[in-house]
Amino acid sequence: MPHASPQTVGAWTPAQIQDVIDAHKSMPGAMLPTLHAIQDRFGHIPEAAIPIIAESLRHTRADVHGIISFYHHFRTQLPGRSVVQVCRAEACQARGCRQLESHVKAVLGVDYHHTTSDGEITLEPVYCLGNCACGPTIRVNDEIHGRMTAAKFDRLAEELTATVVEVR
């Protein structure tokens, strides 16, 4: 979630959704820029916002659902605090991403497009992070991690789920 701030993630109103739509609806092919902007601002595209989007952009609800479900980038549920993306492109496959992906799923206990039971980590596939020479590669939020191994991922997962406790 590169653009969503802690104050806006998850919290939304129909008026806020309409403001985002209004800022993008005059663009050619406004649907994709609008959906990206809504997800960037709120962390997801709320299911209840779909009728607002459809009506404002003169599409059917089915059209909007179809677009959201076609592009794996879009989500209709809030993600975890961290989003882990595993590159599944050919270069990373040649360097062992399939084994890494199995390990990541086992460690997190979730499949792609799901969030861990503690709400900390959402797992997503991605089809090229542009780090082909250093595969297998994952991205955590906006940070790229190349030459990822099972052991490196275990350490990373531990860091992502560690809770800072302040003792007074």
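Everything below is about the structure shown above.
In this report, the structure presented in the accompanying data block is examined. (Residues numbered from 1 in each chain as written. Predicted model: local features only at pLDDT ≥ 70, side-chain atom pairs only at ≥ 80, totals over all residues. Heavy atoms only, no water.)

Overview of the sheet that holds strand β3 (residues 121–126)
The strands making up a sheet associate through backbone hydrogen bonding, with each pair oriented either parallel or antiparallel. Strand order across the open sheet formed by five strands is β2-β3-β1-β4-β5, with mixed pairing between neighbours. Strand pairing shows two members of the sheet lacking a second neighbour, β2 (114–115) and β5 (143–145), which therefore form its edges. Pairing analysis gives three bridges linking strand β1 (residues 82–87) to strand β4 (residues 138–140), with the strands arranged antiparallel. Directly across from V86, in β4, lies its bridge partner I138. Strands β1, β3 and β4 of the sheet are contacted by helix α6 (residues 97–108), whose axis makes an angle of about 160 degrees with β3. (Pairing = 2+ DSSP bridges. Helix = DSSP H or I, 4+ residues; strand = E, 2+ residues; numbered from the N terminus. Contact = heavy atoms within 4.5 Å. Axes fitted to C-alpha atoms, helices over the stretch in contact; angles between N-to-C directions.)

Considering the layout of surface pockets
Each pocket or cavity is described by its volume, and for the second largest pocket that value is around 160 Å³. Along the walls of the second largest pocket sit H72, F74, R75, T76, Q77, L78, P79, H113, H114, T115, T122 and E124, which together make up its complete lining. Per-class residue counts for the lining of the second largest pocket are three nonpolar, seven polar and two charged. (1 Å grid on protein atoms, 1.4 Å probe; cavity = no way out; pocket = protein on both sides within 12 Å on 5 of 7 lines; lining within 4 Å. Points joined across faces, edges and corners; volume = space filled by probe spheres on them. Nonpolar A, V, L, I, M, F, W, Y, C, P; charged D, E, K, R; others polar.)

Focus on the side chain of R88
Note that R88 resides in the loop between β1 and α5 (90–94). Among the residues examined, R88 registers a relative accessible area of 18% and is labelled buried. A distance of 2.7 Å separates the side chain of R88 from the side chain of E101, its partner in a polar contact. Setting aside residues no more than four positions away along its own chain, R88 makes contact with Q93, C97, R98, E101, Y112, P125, V126 and Y127. (Buried < 20%, exposed > 50% of the residue type's maximum accessible area, 1.4 Å probe, protein only. Polar contact = N/O pair within 3.5 Å; in protein donor to acceptor, adjacent residues only side chain to side chain.)

Comments concerning helix α7 (residues 150–161)
When the terminal C-alpha atoms of α7 are compared, their 16 Å separation across twelve residues agrees well with the 16 Å that a helix rising 1.5 Å per residue should span. Of the positions making up α7, those classed as buried are F153, L156, A157 and L160. Along the axis of α7, the buried residues cluster in a sector spanning 100 degrees; they form a single face. Opposite the packed face of α7, turned more than 90 degrees from it, sit the exposed residues R155, E158 and E159. On the buried face of α7, the contacting elements are β1, α6, β3, β4 and β5. (Expected span 1.5 Å × (residues − 1). Arc of directions from axis to C-beta.)

Here we look at the side chain of H44
Within the fold, H44 resides in the loop between α2 (31–42) and α3 (50–57). The class of H44 is buried, set by a relative accessible area of 7%. Only 3.2 Å separates the side chain of H44 from the backbone oxygen of F42, close enough to count as a polar contact.

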